[in-house]
Amino acid sequence: MKEKWINALTLAFTVALLPPIWAVLSPYIGVTVGAVALICAGLFACLGNDIKKAIPVTAGFLLGDAWAVIALTIMAHSTLNPNLTLYLTLFVMGGLAVIFGTIGEKVIFVPAWLAGWAIGLTIMGPMDIATVGFMPLQIAAAMVAGVWYVGVIGDLFQKMLVKNLKK
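Definitions and cut-offs
- Residues numbered from 1 in each chain as written.
- Predicted model: local features only at pLDDT ≥ 70, side-chain atom pairs only at ≥ 80, totals over all residues.
- Heavy atoms only, no water.
- Helix = DSSP H or I, 4+ residues; strand = E, 2+ residues; numbered from the N terminus.
- Buried < 20%, exposed > 50% of the residue type's maximum accessible area, 1.4 Å probe, protein only.
- Contact = heavy atoms within 4.5 Å.
- Expected span 1.5 Å × (residues − 1).
- Arc of directions from axis to C-beta.
- Polar contact = N/O pair within 3.5 Å; in protein donor to acceptor, adjacent residues only side chain to side chain.
- Core = buried A, V, L, I, M, F, W, Y, C linked by side-chain atoms within 4.5 Å.
- Phe/Tyr/Trp six-rings, centres within 6.5 Å; stacked < 30°, edge-to-face > 60°.

Quick word on the environment of valine 162
Relative to the helices and strands, valine 162 resides in helix H6 (residues 135–165). Relative accessible area serves as the criterion here: at 11%, valine 162 is assigned to the buried category. In sequence terms valine 162 and glycine 151 are eleven residues apart; their C-alpha atoms lie 16 Å from each other. The residues touching valine 162, leaving out its near neighbours within four places in the chain, are Ile6, Asn7 and Thr10.

As for helix H4 (residues 82–103)
Under the 1.5 Å per step criterion, the end-to-end length of H4 is 31 Å for 22 residues, consistent within 8% with the ideal 32 Å. Within H4 the residues assigned to the buried category are Thr85, Thr89, Met93, Gly94, Ala97 and Gly101. For H4, the angular spread of the buried residues around the axis is 140°, confining them to a single face. Set apart from the buried face of H4 by more than 90 degrees, the exposed residues are Asn83, Tyr87, Phe91 and Ile103. The inward-facing, buried residues of H4 abut helix H3 (54–77) and helix H5 (110–124). The N-cap residue of H4 is asparagine 81: its side-chain oxygen and the backbone nitrogen of asparagine 83 are 2.8 Å apart.

What about the nonpolar core?
Trp22, Val36, Phe61, Met124, Ile139 and Met143 are the most contacted members of the largest nonpolar core, which has 34 residues in total. With residues near it in sequence (within four places) discarded, isoleucine 139 still touches Val33, Val36, Asp65, Ile119, Gly120, Ile123 and Met124.

Section: the packing of aromatic side chains
What the rule picks out here adds up to four aromatic pairs. Seen in terms of ring centroids, tryptophan 67 and tryptophan 113 are 5.2 Å apart; in terms of plane orientation they differ by 80°. Their pairing is edge-to-face. Of this pair, tryptophan 67 sits in helix H3 while tryptophan 113 sits in helix H5; the two residues are 46 residues apart in sequence, bridging distant segments of the chain. A relative accessible area of 13% means that tryptophan 67 is categorised as buried. According to the relative accessible area criterion, tryptophan 113 is buried, its value standing at 3%. Ring pairing ties together the aromatic residues Trp67, Phe100 and Trp113, which thus form one cluster.

The structure is reproduced here in structure tokens:
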């Protein structure tokens, strides 16, 4: 029971300390979508914050971000019915993401690719494709921060706290 509470309280402290630092600092580096880091950290946490999975998860998120830009570009330039365009784009690109991700499964985590794609579509979907600008780079920065700063560094920080408290 004591160990359970040490883990819970050190995790609570880590979550209370590190993500707010990102939230405060991210606008100063031009990232207006800093909360994306929390979404990405959450998925990474579901994998146990396993540092061995950090690169494939990061690759998946970044591919999803790029996938969103490609999808939005296709949809913006299609002359088909908008609903048909949406369906066909999601159908083809979703299937391709799973196939490509499976081929590269050692370096790409497919659920992160799909989640990254959804994040990108959610943020950039309402925007005119001509005004997207640096938004994909902002999203990418937040994704990387989520996995590496909140996820990996947060996990290492919490483990250090637990180790010191158990002494």
